[in-house]
Amino acid sequence: MNQTEAFPGSIANVNLRQVGKNKPRNDAPTKVHGKAIYAGDFYMEDMLFAKVLHSDRASANIRNVDISAARALRGVHSVLTAADLTACNAVMTDLPGQTGGGTKDTTQPILAADRVRFHGEPIALIAAESYELAQQALDLIVVDYEDTEGVYDPFDSQKPGAAIVYSDDNIVADYKIRKGDIEKGFDEADYVLQNTFTSQYQEQAFMEPEAAVAWVDEHEILNIRSSTQVVEHFRAVANALGIPHNRVHLQAPYIGGGFGGKEVMTIEVWLALLAMDTKRPVKLIQTRENSFLSHGPRHPFTITHKTGVTKDGKVTAMKIKLTSDAGAYAKLSPYILLYATVGATGPYRVDNLWVDATSAATNNLPACAFRGFGTMQANTACEAQMEEIAKLIGMDSLELRRKNFIQPGDPNTTGQIIRSSVWCDQCATQALAALGEQPSNSEHLVYGHGIACYQQSYGRIRWMKDTSESWVGLEMDGTAIVRCAVTDIGAGQMSALAQITGEILGVPMDEITVYFGDGHVNPLAGTSTASRALYMSGKATELAARAVRDNLLQCMARHFEVSPDELDLADSTVFVLDNPERRMSIKDMVKLCAAEGVHRHNLSIFKAPPSEGLDPETGQGEVFPDFTYGAHAAQVSVDIDTGEVTVIKSVGAHDVGQAINLRAVEGQIEGSALMGQGFALSEELILEKGVLKNGSFSEYLIPTSEDVPEIQSIVLESRSGLGPFGSKGIGEPVFAPVAASIANAVADAIGTRIHDLPLTPEKVLRAINENKASR
Amino acid sequence: MLPPFDLSQPQSLADALQALAGKGDTRPLAGATNLVPDLRGKRETCRDFVSLDGVNELRYIKRDGDRVTLGARTTMADILDDSGIRTDAPALYAAAEIFAGRMVRTAATIGGNVCCGSPSADTVPALLTVDAEVTLSSVSGQRTVALDEFYIDYKKSVLRSDELLTSVSWNVPPQNSANLFYKLARRKGDAITVTGVAVMIAAEDGVCTRARIALGSVAPTVFRASAAEDLLAGKALDEAIIEQAARAAADQCAPIDDIRASADYRLQTAFSLTRRLLTQAWKQVS
Ligand SMILES: Cc1cc2nc3c(=O)[nH]c(=O)nc-3n(C[C@H](O)[C@H](O)[C@H](O)COP(=O)(O)OP(=O)(O)OC[C@H]3O[C@@H](n4cnc5c(N)ncnc54)[C@H](O)[C@@H]3O)c2cc1C
């Protein structure tokens, strides 16, 4: 096995043949032709269909659950409640391999026993001959609730006497940063500005709802084929059920989007229990309405910024308070809060810094991972604050940013030295220029431009000691195979591995087969989360491919009587660099090497740079492997009679390190432009006393095709990242600045700031009217 | 999940009317773009439907002199594909253009939109501004009702359970007229209207000869702002009188608070959009 640690040397000036090019993705044909198989597409003989009874209230004691009528229904094979799970009614919601830093307790009941803590908490599981029968059985279950006083606000829940939802004080996590001299920083300031910004619940709204089939096979292995971002959950499933890890086989087929919503376990344990109870395959595809209740949405945050700044635009101090609503269970709230804490100052260097961050439990929906993972919320507030500071001191906001951008070699919020390039300035400048002229206002419409920059990590928290493995081999006919259990959540994870392997082995992408998603026949790659899939599994694949290449070229060097570095591989041939006439097909090369007993394959592991955690008093330490930087700019119009906002142009400019597949990068930028637009303008889960009021796509408003603005992607490549060929993670980063740029554009258009997202027409009109009145 | 339900599929109007006759809770099903969400959302209790899918004789756009008639099965996409509706009923065309999204427009029918009785039905304000009439048919005969007299209350109309709405018709607006529609919603596609306003202004010799103002989503039913219309008729319009009319229109609203918007916001925008559309319409005709 090959082992390498991070931080590559410079790889500028390498001549790339496949990487960075617009190659059609390997997964495109099967998806375009509708042949790709998703978790919900599997059928098995004797399969049963499941339904889940979700609590319809947020805070209640359960006096009794009467399932007798449901069980008696013909065709119903299993009805399970907490009473059936006395041996094991707990499932860990932490991530595999993580150490749970800051978390007191990450377990959660599989089924509510004597108490429900949130709307949607599962109470009973049903398996029946059809969904219709399962639904009939579900309708026959009688839950005797006793409503109890709940708490629905993370500030209320921290007050003495508040209803207790979690632990003994409702505090799910807290962090602080104490850096420099905060008093001195404010003393040095010419201006001090304080603002509080709030943001809302956002639903992942992936196209494919939770779906899985579970069955126990002839070897007594529990198989689960699930739409999950994390096949490593097989361990948590096994732990919850009290069976050995090696008897749970969790596979992920193609996935119709996750965005973090399939990062912690969703329906896997439920199906496992039903399959074990009925000894038959059991399938569940959540309805859209239940999907809203089956994974954690984005955390609402309240963020107060107090900033000191000199009259020439140097930020001298920041005091930031972050509060997130964790909802009823911890899930990943501590990590998300940590990301927000580290990202509290955006892409800026702040030497005198004070951050207090708290995540408090309530009886609201348990919030969880969602693209941006806390950093996005923190960055959105920070970029609004920067704009307000610029306005206060009368400076161009990009100029203000330029005076404060963190630089390579600078310490960030937690004292970690930034090692890669920081191209915020180039990105912001190009994005703004791409917006072009601002149209002049008309009778009803005012126009505005907005910009936002960001810093977002890629790769897991370093004390989780993240690794990824991949296997690469050449076949006797010159084609190649990659085995890597990365989950393909639709962003081209699988295809990227083919492109990387093809570059290194000189084999065309479409002659490379990638086996992915199945962690029991392929080496484990780790999660498709944290913008780490390409970075980690790509790097492991790169290492494995390079090892194969080295083996074969050593053998061929003897054959051609040159040194290995005088040889290259391209277009399915091996050739002498100086004399390309001297060549051999890869097929013949493989045969020749195989006959000499040379290894044609390699299994590599890639280890992310580790660290040992934060000093709890100062919040100093190394948290992330590296960061991606960039900017987004937006042009909007606002109707001053109605408050309607139209995004006209949306431009993302990002230093992605190195694009592996340029179209895939653009796909991420375009998708994030819309997801960020939804967050800025229309998306919001509305809860009344914890009960979700708009859990459907007619009331929860993601942007539709009719809402799509002109989107432009500007891709810059510093090749300074830790990923293959100097790439950086981009899935989350490209999303981080979008909503902030739109909010800044609206503020520019109407001349006043709305501190509370989303910017609904009603809020915008109110702000316009208040602004008019105050003049 | 969709509950189980019965569906008959007649192939002619006569069979469809027969299927509706004499039975208790049997309802027509056209594009099902209201019915399916309502069944899933448990808002619809009927479990016996008569599909109009095979009743092609209800899918037409006909012109007879100044009279335009749409069969009830005409879809929003049909309206947009027709070469004449843009001039025969400009506000209706505008409503069809911003109606839902492309997928729903190909299924949603004009009959379903009128009969669903929703105060946010987008074609209704537009149709009210051209004084549309609806034809209601049953095995025992047919009657024609002014659309203005069709609605009784929230999702209640004069339509009997054995009746089918078979057509919608109106006279092409006069020469010098403007007919406008504005849909205010929280996003551009597939959105439920927060405030909908349609106006029709006809003018001769600098005087407003006909004024129609209809508002959606600001009361239990779509309605005509008759007091405001009366203020305008016979006058040369100016800023002051338009403002007065818009105020009168807002006064006739009885909006509610819901998760899409507050009543207050609906009132404000009913006023400002009425004012805006009247101003634009007057500019076009003068
Ligand atoms: C995603 C989405 C977006 C939407 N956007 C809009 C929008 O922008 N604007 C808007 O106004 N609406 C919108 N709607 C609602 C719906 O599409 C419209 O009201 C549509 O016109 C209903 O027509 P239908 O043919 O689908 O009616 P159906 O759902 O088939 O029927 C609706 C009701 O009318 C009755 N009915 C239907 N036809 C007749 C008839 N000929 N005679 C008697 N009764 C009849 C049915 O019994 C039922 O009660 C939207 C719906 C969806 C799902």
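Everything below is about the structure shown above.
Residues numbered from 1 in each chain as written. Chains lettered and ligands numbered in written order. Predicted model: local features only at pLDDT ≥ 70, side-chain atom pairs only at ≥ 80, totals over all residues. Heavy atoms only, no water.

Asks: I'm lost on the packing of aromatic side chains in this one. Help?
Replies: Both the distance between ring centres and the angle between the ring planes are used here to describe each pair of aromatic rings. All names here are of chain A. Taken as a whole and judged by the stated rule, the model has 15 aromatic pairs over all chains. Ring centres of Tyr-38 and Tyr-254 lie 6.4 Å apart, and the angle between their planes is 45°; this geometry places the pair in the tilted category. Of this pair, Tyr-38 sits in the loop between helix H1 (28-32) and strand E2 (48-54) while Tyr-254 sits in the loop between strand E14 (248-251) and helix H6 (268-278); the two residues are 216 residues apart in sequence, bridging distant segments of the chain. For Tyr-38, a relative accessible area of 23% corresponds to the partly exposed category. Tyr-254 gets classed as buried once you look at its relative accessible area, which sits at 10%. (Phe/Tyr/Trp six-rings, centres within 6.5 Å; stacked < 30°, edge-to-face > 60°. Helix = DSSP H or I, 4+ residues; strand = E, 2+ residues; numbered from the N terminus. Buried < 20%, exposed > 50% of the residue type's maximum accessible area, 1.4 Å probe, protein only.)

Asks: Would you mind showing me how to read the sheet that holds strand E18 (residues 353-361) of chain A here?
Replies: By way of backbone hydrogen bonds, the strands of a sheet pair with one another, either parallel or antiparallel. Residue and element names in this part refer to chain A. Across the sheet, 5 strands lie side by side as E10-E18-E17-E16-E11; this open sheet has mixed pairing. Looking at the sheet topology across the chains shown, the edges are occupied by strand E10 (171-179) and strand E11 (191-198). Each neighbouring strand pair of the sheet contributes to a mean axis angle of 5°, computed without reference to strand direction. With 9 bridges connecting them, strand E17 (residues 315-327) and E18 associate as parallel partners. Each residue of the ladder has a partner; that of Thr-323, found in E18, is Thr-358. On top of the sheet, helix H8 (residues 333-342) reaches E10, strand E16 (301-309), E17 and E18; it is set at about 20° to E10, its chief contact. On the sheet, helix H9 (residues 375-393) packs against E11, E16 and E17 and is oriented at approximately 145° with respect to E11. (Pairing = 2+ DSSP bridges. Axes fitted to C-alpha atoms, helices over the stretch in contact; angles between N-to-C directions. Contact = heavy atoms within 4.5 Å.)

Asks: How do you make sense of the sheet that holds strand E3 (residues 60-66) of chain A when you look at a structure like this?
Replies: All names here are of chain A. As summarised here, the arrangement of the 3 strands in space is E7-E3-E9, forming an open sheet in which the pairing is antiparallel. Only two strands of the sheet have a single neighbouring strand rather than two, namely strand E7 (115-116) and strand E9 (142-147). Here E3 pairs with E9 via 6 bridges, running antiparallel. If you follow Ile-62 over to E9, its bridge partner there is Tyr-145.

Asks: Is there a simple way to think about the side chain of His449(A) in this case?
Replies: Residues and elements named next belong to chain A. Here His-449 lies in strand E19 (residues 445-458). On the basis of relative accessibility, which here comes to 17%, the residue His-449 falls in the buried class. Sequence-distant contacts of His-449, that is, excluding residues within four places in its chain, are made with Leu-435, Gly-436, Glu-437, Gln-438, Ala-634, Gln-635, Asn-744, Ala-745 and Asp-748.

Asks: Explanation requested: the site of the ligand in the structure shown.
Replies: All names here are of chain B. Lining the immediate environment of the ligand, one finds 30 residues, of which Pro-28, Gly-31, Thr-33, Thr-109 and Asp-122 sit closest. The separation between an oxygen atom of the ligand and a polar main-chain atom of Pro-28 is 2.5 Å. Contact between the ligand and Leu-35: an oxygen atom at 2.9 Å from a main-chain N or O atom of the residue. Mapped by element, the contributors of at least two residues to the shell around the ligand are strand E2 (27-29), helix H7 (110-115) and strand E10 (164-171). With 4 residues, H7 is the single largest residue contributor to the shell around the ligand. In the shell around the ligand, the residues fall into 18 nonpolar, 8 polar and 4 charged. (Near = heavy atom within 4 Å. Polar contact = N/O pair within 3.5 Å; in protein donor to acceptor, adjacent residues only side chain to side chain. Nonpolar A, V, L, I, M, F, W, Y, C, P; charged D, E, K, R; others polar.)

So, to be careful, I would describe these as geometric facts and stop short of saying anything about function.
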